[in-house]
Amino acid sequence: MPTTPAKLMNKAIKAELVPALNAAGFIGKYPRLQKFSGDYIYFLSINQNKPGTAFFLEFGIHPRGEKLTSWGEVVPEEKLMLEHVLFPERARLQARKNGHSSVEEDWFSFQAFGSDLALYSGLASSVAGMLPQMEDWFAHQTAGPNVSPCGL
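About the criteria used
- Residues numbered from 1 in each chain as written.
- Predicted model: local features only at pLDDT ≥ 70, side-chain atom pairs only at ≥ 80, totals over all residues.
- Heavy atoms only, no water.
- Helix = DSSP H or I, 4+ residues; strand = E, 2+ residues; numbered from the N terminus.
- Rg over C-alpha atoms; globule rule 2.2 N^0.38 Å.
- Buried < 20%, exposed > 50% of the residue type's maximum accessible area, 1.4 Å probe, protein only.
- Contact = heavy atoms within 4.5 Å.
- Areas by Shrake-Rupley, 256 points an atom, 1.4 Å probe, with all protein chains shown as cover.
- Lys, Arg positive; Asp, Glu negative; His and termini not counted.
- Charge placed at Lys NZ, Arg CZ, Asp CG, Glu CD.
- Phe/Tyr/Trp six-rings, centres within 6.5 Å; stacked < 30°, edge-to-face > 60°.
- Salt bridge = Lys/Arg side-chain N within 4 Å of Asp/Glu carboxyl O.
- Expected span 1.5 Å × (residues − 1).
- Bend = angle between axes of the 7 residues up to and from the residue.
- Axes fitted to C-alpha atoms, helices over the stretch in contact; angles between N-to-C directions.
- Parallel < 35°, antiparallel > 145°, perpendicular 65-115°, else oblique.
- Left-handed = near helix turned anticlockwise from the far one by under 90°.

(A) Representation of the overall build of the chain in the model. Broken down by element type, the chain carries three helices and nine strands. Helices and strands appear in the chain in the N-to-C order α-β-β-β-β-β-β-β-β-α-α-β. Taken over the C-alpha trace, the chain has a radius of gyration of 16 Å; the compact-globule value for 152 residues is 15 Å, and the two agree within 12%. Relative to its 152 residues, the chain shows a buried fraction of 43%. A sequence separation of at least 24 residues applies to 56% of the contacts in the chain between residues at least 6 apart. For the chain, the accessible surface area stands at approximately 8,100 Å², while carbon and sulfur atoms represent 56% of it. A gap of 6 Å separates the mean positions of the 14 positive and 15 negative side-chain charges of the chain.

(B) Structural view of the packing of aromatic side chains. Tallying each qualifying case throughout the model produces 10 aromatic pairs. Relative to Phe110, the ring of Phe55 lies with its centre 6.2 Å away and its plane at 45°, an arrangement referred to as tilted. Of this pair, Phe55 sits in strand S4 (residues 54–63) while Phe110 sits in the loop between strand S8 (108–109) and helix H2 (117–128), and the two are 55 residues apart along the sequence. What makes Phe55 buried here is its relative accessible area of 0%. Aromatic pair Phe59 and Phe138: ring centres 5.5 Å apart, planes at 70°, arrangement edge-to-face. Here the residue Phe59 occupies a position in strand S4, and Phe138 occupies one in helix H3 (residues 131–140), the gap between them amounting to 79 residues.

(C) Fine view of the pattern of salt bridges. This structure, assessed with the given rule, holds six salt bridges. Glu135 is the salt-bridge partner of Lys35, the closest N and O atoms lying 3.1 Å from each other. Pair noted here: Lys35 is in strand S2 (residues 32–37) and Glu135 is in helix H3, with a separation of 100 residues, a long-range link. Across the pair Asp106 and Arg96 runs a salt bridge, and its minimum N-O distance is 2.6 Å. Residue Asp106 is located in the loop between strand S7 (90–93) and S8, and its partner Arg96 is located in the loop between S7 and S8; the two are separated by 10 residues in the primary sequence. The burial state of Asp106 is the same as that of Arg96; both residues are buried. The network of salt bridges with shared partners includes Glu58, Arg90 and Arg92.

(D) Just helix H1 (residues 5–23), in detail. Compared with an ideal rise of 1.5 Å per residue, which puts 19 residues at 27 Å, H1 spans 26 Å between its outermost C-alpha atoms and is within 8% of the ideal. A bend of about 40° at Ile13 is the largest found in H1. Restricting attention to buried positions, one finds in H1 the residues Ala6, Leu8, Met9, Ala12, Ile13, Leu17, Val18 and Leu21. If you follow the buried residues of H1, they end up packed against S2, strand S3 (40–48), S4, H2 and H3.

(E) The arrangement of the packing of H1 against H2 in detail. The N-to-C vectors of H1 and H2 enclose an angle of 40°; their axes lie 8 Å apart at closest approach. As far as their axial angle goes, H2 and H1 are oblique. The hand of the H1/H2 crossing is right-handed. Residues Pro5, Leu8, Met9, Lys11, Ala12, Ile13, Glu16, Leu17 and Ala20 of H1 form the contact with H2, whose own contacting residues are Leu117, Tyr120, Ser121, Leu123, Ala124, Ser125, Val127 and Ala128.

Function-wise, these values are silent; they only describe arrangement.
Take a look at the structure:
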């Protein structure tokens, strides 16, 4: 059975990007990770498109503790996910530079990589090199060249 581009990218992400995220304090299981720091939880989700040819990282910050939703549900801290973070308090790390909209053409594409694992690994490694932009956003809500704030 042939290996799909999505499977090759997942393998590269697990080998290159996830260890860099773990080194930055993120825990959890790919594709959803989180980091606890002081009074906040930092959430991260690595999302692929349906055809499995592109991906982006979406991340957000939420105060520690339970969350009371607008419909009255109380979500305990241990069950919080990125989806519980208000949209304006999220951002995306993607290939496109200096913009404020997220369309699939802006994501990290691996559509043309074929079966060359080195290309997948190189992409995952280059995304790992962009993690300081995500950390800047967490600390100051500063949009770096590859960070697209949600809700703008």
